[in-house]
Amino acid sequence: MQFTDMNNTSLIFDSHAHYTSPQFAEDLPQLLDSLPQQGVDGVVECSVDFASSKASIDLAERWDYIYAAVGIHPECLIDPESSTTKQFAGDWQAELDAIAQLLDHPKVVAVGECGLDYHWPVPKEAQLAMFEAHLKLAVERDIPIIVHDRKAHADVYELLRRYQPKGVVHCFSGSAEDAVQLAKQGMYLGFGGAVTFQGAKRAVKAVCAVPLEYLVLETDCPYMAPVPCRGQRCDSSLIAHTAQFIAQQRGMDSEELLKITNQNARRLFGLPALSL
């Protein structure tokens, strides 16, 4: 789906992408050059460690519509290929201190991707300490945080209540009630291709419950391409399918949904308003 029927208006804002992934290595420049012609207006490239934080900034410097988020993903604590392990020998605090120096870059708009992941065997106490350090950094620097929450709702929500950051819970997987409560707290909620999957009833209820002004769209590309592209490598243009699905569920026009979620993302990340 491309927006050739929309007077070339670009409305897609991808609030969570991973174009530094090896899956994009062969054709990344060509792909990123092409996305604006496919309706993409903005992308936040999310990092997982110090090395990818620098790579994300490099992409943001090369493409005007790309912005960077810098941080440490919990899985990097056990990934032998992460800079957390290879460069910092597991000293995530030293790595986070190095990442904090990147926050002054004009195209860095958020701290993240960071959070809690209880699916993988990452030491719990270490992840909790690291997530709390990210929250403190985001609040101290008054910058949004991009939160990873996998099977860790109770602990994530407790820390969000404690620190009251501004930011987004990406790939939201909580309940409709959780969505409403987090929005009341001022958190945005990100939904991607997974909401279109068969059996995603909980996600559909949540995406219909969240107040529209706190909804943002994402890909988490190259992962989780939406139906009808499931199983393919995902990129930001495929948000068109996700938006069409969510708009149908909410009983609204997909172009209007894209416009609102674009404006929401720009407000969250402190970017200039959408100009139509």
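Procedures and definitions
Residues numbered from 1 in each chain as written. Predicted model: local features only at pLDDT ≥ 70, side-chain atom pairs only at ≥ 80, totals over all residues. Heavy atoms only, no water. pLDDT = per-residue confidence, 0-100. Contact = heavy atoms within 4.5 Å. 1 Å grid on protein atoms, 1.4 Å probe; cavity = no way out; pocket = protein on both sides within 12 Å on 5 of 7 lines; lining within 4 Å. Points joined across faces, edges and corners; volume = space filled by probe spheres on them. Helix = DSSP H or I, 4+ residues; strand = E, 2+ residues; numbered from the N terminus. Nonpolar A, V, L, I, M, F, W, Y, C, P; charged D, E, K, R; others polar. Axes fitted to C-alpha atoms, helices over the stretch in contact; angles between N-to-C directions. Parallel < 35°, antiparallel > 145°, perpendicular 65-115°, else oblique. Left-handed = near helix turned anticlockwise from the far one by under 90°. Phe/Tyr/Trp six-rings, centres within 6.5 Å; stacked < 30°, edge-to-face > 60°. Lys NZ or Arg CZ within 6 Å of the ring centre and 35° of its normal. Buried < 20%, exposed > 50% of the residue type's maximum accessible area, 1.4 Å probe, protein only. Pairing = 2+ DSSP bridges. Right-handed = clockwise from strand over helix to strand, strands pointing away.

1. Remarks on the confidence of the model for the protein
With 96% of its residues at a pLDDT of 70 or more, the protein has an overall mean of 96. Low pLDDT, under 50, characterises residues 1-8; the stretch is placed with 14 contacts to residues that sit more than four places away or in other chains.

2. Digging into the layout of surface pockets
Taken as a whole, the largest pocket holds about 850 Å³ of empty space. Among the elements that line the lining of the largest pocket, the one with the most residues is strand β5 (residues 145-150), at three residues. In terms of residue class, the lining of the largest pocket is built from nine nonpolar, ten polar and nine charged. Space inside the second largest pocket adds up to approximately 230 Å³. In terms of lining, the second largest pocket is formed by 15 residues, of which the most central are C171, F172, S173, A194 and A203. The greatest single-element share of the lining of the second largest pocket, amounting to four residues, is contributed by helix α8 (residues 201-209).

3. Section: the packing of helix α9 (residues 239-250) against helix α10 (residues 254-268)
Relative orientation of the contacting elements α9 and α10 amounts to 110°, with a least axis distance of 8 Å. Between α9 and α10, the interaxial angle falls into the category roughly perpendicular. For the crossing formed where α9 meets α10, the hand is right-handed. Contacts between α9 and α10 involve I239, A243, Q244, I246 and A247 from the former and S254, L257 and L258 from the latter. For the contact of α9 with α10, the residue count by class is six nonpolar, two polar and no charged.

4. Some words on the packing of aromatic side chains
The full count for this structure, using the stated rule, is five aromatic pairs. Judged by centre distance (6.5 Å) and plane angle (15°), the ring pair of F13 and F269 falls under stacked. Highlighted residues: F13 in strand β1 (residues 12-17) and F269 in the segment after α10, separated in sequence by 256 residues. In this structure, K107 packs its charged tip against the face of Y67, placed 4.7 Å from the ring centre. Its guanidinium or amino end placed over the ring of F197, R230 lies 3.7 Å from that ring's centre, counting from NZ or CZ.

5. A few points about the pairing of strand β2 (residues 40-46)
Summarising burial for β2: seven of the seven residues are buried, a large majority. In the sheet, β1 pairs with β2 via four bridges, with the strands oriented parallel. What sits directly across from F13, in β2, is G42. Following the chain from β1 across helix α1 (residues 28-34) to the adjacent parallel β2, one finds a crossover that is right-handed. Note: β2 against strand β3 (residues 66-70), four bridges, orientation parallel.

6. Concerning the sheet that holds strand β6 (residues 167-169)
Strand order in this open sheet of eight strands is β1-β2-β3-β4-β5-β6-β7-β8, and the pairing throughout is parallel. Since the sheet does not close on itself, it has two edges, and those belong to β1 and β8 (215-217), each with one partner. Averaged over all neighbouring strand pairs, the angle between strand axes comes to 25°, with direction disregarded. Along the sheet, α9 makes contact with β1, β7 (188-191) and β8, crossing β8 at roughly 150°.

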